[in-house]
Amino acid sequence: MKRLLFLLFLLPFFVSCKSDMVYEEYPVLYKNGDNILWAGKHYNDSDWSANQTSNADSVFWVRTHINILKNPDAMPGIKVNAFGAFEVYWDSVRIGSNGRIFQKNILEIPGTEATVYNVPDSLSGAGMHILSFRASQSYLPKEKRGFYVELDSYKSLLTLPLVITSVMNIMSGAFLIASLYYFFLYFNSSKRQQTILIFAVICLLFFTLLILEYIKFYIEIPYTKFYFRLEAIGILTIIIAILVPLYFTIQFNFQWKKVLLVILGISLIGIYIFNYRHYDRNAQYYSMCMWIASTVIVLNAILQKEKGALLVLSGLLCSIVVNKYVVYDFGLFISFTIIVLCMLYLHTIRSRVIEDEYHSSLLLSSRLQLELVKKNIQPHFLKNTLTSLIDWVEESPKQGAEFIHALAAEFDIMNTISEEVQIPIRQEIELCKVHLTVMQFRKEIQYHWEDKGIDDAEFIPPALIHTILENGITHSIPIAGHGIRFCLQFLKTNTYRQYTFETIAENRIPSRTRKGGTGFRYIQARLTESYGDKWEFTSEATPNGWMSTVKIYTK
């Protein structure tokens, strides 16, 4: 991360490099057929008259005078940005070509939008020179783009874009790695956070944006395809301009999220439609909309005293300063990087909160687990159980032995599962059945167990159903001649798994006093420990007795 920040600070120095060539520029000389016209404009002025480029099959000339004031120290070169196919002449000597010019019965081969040529030492001494282009623009004839020429040392013209691109590739690689990491984190997490997915998508889009912006230095793109790349860059910028505020709305619990995002979306679409094909300007407008929306959210977060809001506001202000004083092509990416780093900081804060909540859940679960075990061996429970056991041994030694075996089996299962996070559902059902056997001897009440649709491959937190069962035994009165019936049903769909536990009996106390005890807190803690917030637990009275439902979401 330190290296990335260091490289980001180096970018303004790369941008500020100036040409070593000392020269003067003269107006363009435009030739069309036999008519010679002095345009009287700077050679990179694209505002030509319509008749000069209206004929898609015409060949035309563009010329300018260049006065080199002193002999160059290194081989000079020229960089040309233009639409069409052309040949380049320096003092009437052909020094290169781009594509193939239209000729009779021979179609034009489109040239690339940017090319670099070296000027021989024998032609580049101090003095007046003529730079000429013999060109055609058979495709996109209505596009009035000028011939933009930059003079510098040939080596600098070739290497400087590659140096800048290498720095940007390092940056894009960092975002690709971050994107993959957070995608893996999201899909392999038991508690999938929406903000993690959004952040991963933003990093991936930013990686793609950087690649598209600088791919022109690696791949020759014909001028006929020039706008495809710019359209893709514009669309990516729009998506990023929506996702960044969306991330902040979720992270800071912004109350008017939908309203803000609708206004932002309409603004971005309006800019795209009404300012069509002004790509750099549009990207600046998209960024400004994103900045305004994000600032509104962050200011609201500061009022609500949200953690990290002040730092994010500082990052947003810093991004504006960068955009103002750094060349657009680099300022945009540097400001985006600053905002992404702020988002990363917010994510670390959120991760810390979740980690603390998780540890608190583990501590609560451990404490309740200990209380649950203690409840089965507490003196009151043991006293009543042993008293009942003495009576059964005296009156019916055979059933007394069954009582002892059932009690030992329950303690043995409880000891086995006490340290587990999840156990097979059949082991949980076995614990419940053994407990019913013990309680049937103790209370001399007929308990009946029934389960339906159970999937033996399922796992569940230990003593979850057992706790609900205990609650049913404690707070239910048997129906005369039928005792108390317990029925466990399982339902599995594409989105959730559901356990329904019904106690068929008369309720001993009003429903409002039956909720919120230690047993229910244990259930909630266990569910949180295993499933995060992707669960629901309800427990309520029914005409037949009581019903508790545990729903675990899988998506």
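In the block above lies the structure referred to throughout.
Residues numbered from 1 in each chain as written. Predicted model: local features only at pLDDT ≥ 70, side-chain atom pairs only at ≥ 80, totals over all residues. Heavy atoms only, no water.

Here's the deal with the pattern of salt bridges
Quick reminder of the rule: Salt bridge criterion: a side-chain nitrogen from Lys or Arg within 4 Å of a carboxyl oxygen from Asp or Glu. Put simply, DSSP H or I for four residues or longer makes a helix, DSSP E for two residues or longer makes a strand, and each gets a number counted from the N terminus.
Under the counting rule described, the total for this entry stands at 7 salt bridges. Lys492 is paired through a salt bridge with Glu458; the nearest N and O atoms lie 3.4 Å apart. Of this pair, Lys492 sits in strand S14 (residues 484-492) while Glu458 sits in the loop between strand S11 (447-452) and strand S12 (459-460), and the two are 34 residues apart along the sequence.

Describing empty space enclosed by the protein
Cut-off, in case you're wondering: In this analysis the probe radius is 1.4 Å and the grid spacing 1 Å, with only protein atoms considered; a cavity is a set of points the probe fits into but cannot get out of, a pocket is an open set with protein on both sides within 12 Å along at least five of seven lines, and lining residues have an atom within 4 Å of a point. Grid points are joined across faces, edges and corners, and a volume is the space filled by probe spheres set on the points. Each residue is assigned to one of three groups, with Ala, Val, Leu, Ile, Met, Phe, Trp, Tyr, Cys and Pro labelled nonpolar, Asp, Glu, Lys and Arg labelled charged, and all others, Gly among them, labelled polar.
Enumeration according to the criterion identifies 6 cavities of 30 Å³ or more in this entry. The computed volume of the largest cavity comes to approximately 70 Å³. Looking at the largest cavity, the residues that line it are Glu231, Gly234, Tyr272, Tyr276, Arg277, Tyr279, Asn282, Ala283 and Tyr286. Element by element, the count of residues in the lining of the largest cavity is highest for helix H6 (residues 279-303), at 4 residues. Of the residues in the lining of the largest cavity, the class split is 5 nonpolar, 2 polar and 2 charged.

What about the side chain of Thr165?
Note the following rule: We define a polar contact as two N or O atoms separated by no more than 3.5 Å, with the added condition that, inside protein, one atom must be a possible hydrogen donor and the other a possible acceptor, whereas residues neighbouring each other in sequence contribute only through side-chain atom pairs. Only heavy atoms matter for contacts: two residues are in contact if any of them lie within 4.5 Å across the pair.
Looking at the secondary structure, you find Thr165 in helix H2 (residues 154-187). Within the structure, Thr165 has its side chain in polar contact with the backbone oxygen of Pro161 (distance 2.5 Å). The residues touching Thr165, leaving out its near neighbours within four places in the chain, are Tyr214, Phe217 and Tyr218.

Side note on a nonpolar patch on the surface
Note the cut-off: Like-charged residues within 9 Å of one another, or nonpolar side chains (Val, Leu, Ile, Met, Phe, Trp, Tyr) within 5 Å, are grouped into patches, provided each residue has over 30% relative accessible area and no salt bridge. Accessibility throughout is a Shrake-Rupley quantity obtained with a 1.4 Å probe, and a residue counts as covered only by protein chains that appear here.
Side chains of Leu162, Phe217, Tyr218 and Ile219 sit close together on the surface and give an oily, nonpolar patch of about 370 Å² of accessible area. Here Ile219 lies in the loop between helix H3 (194-214) and helix H4 (226-251).

Things to note about a negative patch on the surface
Basically, it comes down to this: Lys and Arg are tallied as positive, Asp and Glu as negative. Neither His nor the chain termini are counted. Think of each charge as sitting on NZ of Lys, CZ of Arg, CG of Asp or CD of Glu. When a residue's accessible area, from a 1.4 Å probe over protein chains only, is under 20% of the maximum for its type it is buried; when over 50% it is exposed; and in between it is partly exposed.
Together, Asp391, Glu394, Glu395 and Glu444 line one region of the surface with negative charge. Here Asp391 lies in helix H9 (residues 379-395). The partly exposed category is assigned to Asp391, whose relative accessible area is 38%.

Here we look at the sheet that holds S14
Let me state the cut-off plainly: Should DSSP find at least two bridges between two strands, the strands are regarded as paired. Every axis corresponds to a line fitted to the C-alpha atoms, with the helix fit spanning only the stretch in contact, and the corresponding angles, defined between N-to-C directions, vary from 0 to 180 degrees.
With mixed pairing, the 5 strands of this open sheet are ordered in space as S11-S14-S15-S18-S17. Lying at the two open borders of the sheet, with one neighbouring strand each, are S11 and strand S17 (535-542). Across the sheet, the mean angle separating the axes of adjacent strands is 10° when strand polarity is ignored. As paired strands, S17 and strand S18 (residues 545-553) are joined by 8 bridges and run antiparallel to one another. The residue of S18 that forms the bridge with Ser539 is Ser548. Relative to S11, helix H11 (residues 425-443) is tilted by about 165°, and along the sheet it contacts S11, S14 and strand S15 (496-504).

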